Amino acid sequence: MTPVQSAWGAVSGTVVSVCALAYAQVALPTQPLLSDYALVSGGLVPVLVGMLALAGACLCLAYGLAASDPARTAATRVLLLAGAAGLMMSAIFPTDPGNSQVGSLTGEIHRWAAAVVFTSLPVAGWTLARGREAAPLWNAVRALSVTSAAMLAFYLAAHPASITSPLIGGAGYYGPLERGVVLAEMALLIAMALVSVAKRPAVRTQAVPAEPERPERTDRLAA
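If you're wondering where the values come from, they're calculated on a predicted model, not measured in any experiment.

Engineer: I would appreciate a short explanation of the overall build of the protein in the present structure.
Structural biologist: Secondary structure assignment for the protein yields seven helices and zero strands. Mapped from its N terminus to its C terminus, the protein presents α and β elements in the order α-α-α-α-α-α-α. Counting over 223 residues, the protein shows a buried share of 40%. A fraction of 65% describes how many contacts in the protein between residues 6 or more apart in sequence connect residues 24 or more apart. Entry remark: accessible area of the protein is about 13000 Å², with carbon and sulfur atoms responsible for 68%.

Right, dumping it as structure tokens:
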């Protein structure tokens, strides 16, 4: 698999994930969090497809970066693999029902795996763009990394389990914030995939004009 194929695999996996979660959002009864759709009738398959497709996107992108720029992307690839592992763990271990007062072992694993995903992808984007030129695609990766991290901070502050949630009334909008974090990180993955195969502009070199040859002096001093 070439870097270009890996990049398109990452984009395709992300698009499949968006479609699967959009289907759950539109066709199923509204749930507080996206992972809660797996607990309602007909929701398990789209949630699993969405999580596993996004995990595949992370793996494709990590593979492509290893092939195209292994020296500068080691940290990014580790974070992408952590994100893929977190998504697969979230798919294997279901969340607890929203009205459950007791957290099960599978529910705790799911929550911590989701925390790994939410935190690793923004950092992966930032490490990939760190030290790069100020080109539009690199700027997009930086902006989406910061946006994802900022939305994650707001989501954690608004989550009912947070001590700050009652102070800001977070119970009313922590669900939309979670969806915002997911969409921002999906957009970040697509931007990272595109920038990983973007061709750098050719460096134009100005030709130095050749120094004109000096005519040979033919005159000689008269004897």
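Engineer: Please explain the pattern of salt bridges as it appears in this structure.
Structural biologist: For side chains bearing opposite charge, pairing can occur when the charged atoms are close. In this structure the tally under the stated criterion is four salt bridges. A salt bridge links Arg-132 to Asp-69, with the nearest nitrogen and oxygen atoms 3.1 Å apart. Linking Arg-132 in the loop between α4 (105-129) and α5 (136-158) with Asp-69 in the loop between α2 (44-68) and α3 (74-92), this pair joins segments that are 63 residues apart in sequence. Relative accessible area serves as the criterion here: at 10%, Arg-132 is assigned to the buried category. With a closest N to O distance of 4.0 Å, Glu-178 and Arg-179 form a salt bridge. Neither residue differs from the other here; Glu-178 and Arg-179 are each classed as buried. A network of salt bridges, in which partner residues are shared, links Asp-96, Glu-108 and Arg-111.

Engineer: What am I meant to see in the packing of aromatic side chains here?
Structural biologist: Geometry of an aromatic ring pair is reported as the spacing of the ring centres plus the angle between the planes. Taken as a whole and assessed by the stated rule, the structure comprises one aromatic pair. Ring centres of Phe-118 and Tyr-155 lie 6.2 Å apart, and the angle between their planes is 85°; on these two criteria the pair is classed as edge-to-face. Taken as a pair, Phe-118 in helix α4 and Tyr-155 in helix α5 lie far apart in primary sequence, 37 residues in all. Considered together, Phe-118 and Tyr-155 belong to a single accessibility category, that of buried residues.

Engineer: In this structure, what is going on with the nonpolar core? I would like to understand it.
Structural biologist: Grouped burial of nonpolar side chains is what soluble globular proteins tend to show. The biggest cluster of nonpolar side chains holds 46 residues, and the ones touching the most others in it are Leu-61, Leu-80, Val-141, Tyr-155, Leu-189 and Met-192. Among the elements of the structure, α1 (3-27), α2, α3, α4, α5 and α7 (174-197) are those that each provide at least two residues to this core. The element that contributes the greatest number of residues to this core is α7, accounting for eleven residues. Once residues lying within four places of it in the same chain are set aside, the contact partners of Val-141 are Gly-125, Ala-129, Leu-188, Ala-191, Met-192 and Val-195.

Engineer: Mind showing me how you'd approach the environment of Leu-194 here?
Structural biologist: Note that Leu-194 resides in helix α7. Its relative accessible area of 34% is what places Leu-194 among the partly exposed residues. For Leu-194 and Val-11, which are 183 residues apart along the polypeptide, the C-alpha to C-alpha distance reads 8.1 Å. Leu-194 has contacts with Val-11 and Leu-137, leaving out every residue within four places of it along the chain.

Engineer: What is the right way to look at the side chain of Ser-196 in this model?
Structural biologist: Along the chain, Ser-196 falls in helix α7. Within the structure, Ser-196 has its side chain in polar contact with the backbone oxygen of Ala-193 (distance 2.6 Å). Those residues in contact with Ser-196 that sit more than four places away from it in its chain are Ala-7, Leu-61, Leu-65 and Ser-68.

Engineer: Hey, could you run me through the confidence of the model for the protein in this one?
Structural biologist: For any part of a model where pLDDT is low, the fine detail of the predicted coordinates should not be relied upon. Looking at the protein, pLDDT values average 87 and 87% of them are 70 or higher. Across the protein, the element-wise mean pLDDT spans from 88 in helix α6 (residues 165-168) up to 96 in α3. Here residues 200-208 scores under 50 on pLDDT; set against residues more than four positions off or in separate chains, the count is three contacts.

Cut-offs applied
Counting from 1, residues in each chain are numbered in the order their sequence is written. Local features in this predicted model are restricted to residues whose pLDDT is 70 or higher, and side-chain atom pairs enter the listing and the counts only when it is 80 or higher, whereas totals over whole chains, interfaces and linings include all residues. Derived side-chain values reflect all non-hydrogen atoms in the structure, with water molecules and hydrogen atoms excluded from consideration. A run of DSSP states H or I qualifies as a helix once it reaches four residues; a run of E qualifies as a strand once it reaches two. Both are numbered from the N-terminal end. Burial classes follow relative accessibility: with a 1.4 Å probe on protein chains only, a residue under 20% of its type's maximum area counts as buried, one over 50% as exposed, and anything between as partly exposed. Residue contacts are counted whenever heavy atoms from the two residues lie within 4.5 Å of one another. To be clear on the numbers: accessible area is Shrake-Rupley with a 1.4 Å probe, and residue cover counts the displayed protein chains and nothing else. The salt bridge definition used is simple: a Lys or Arg side-chain nitrogen within 4 Å of an Asp or Glu carboxyl oxygen. Geometry of aromatic contacts follows a simple scheme: Phe, Tyr and Trp rings, the Trp one being its six-membered ring, pair when their centres are within 6.5 Å, and the pair is stacked under 30 degrees between planes, edge-to-face over 60, tilted otherwise. Buried residues of nine kinds, namely Ala, Val, Leu, Ile, Met, Phe, Trp, Tyr and Cys, make up a nonpolar core once their side-chain atoms join them within 4.5 Å. Counting of polar contacts relies on pairs of N or O atoms within 3.5 Å, with two restrictions inside protein: one atom must be capable of donating a hydrogen and the other of accepting it, and residues adjacent in sequence are counted only when both atoms are side-chain atoms. On a scale of 0 to 100, pLDDT captures the predictor's confidence in every residue.

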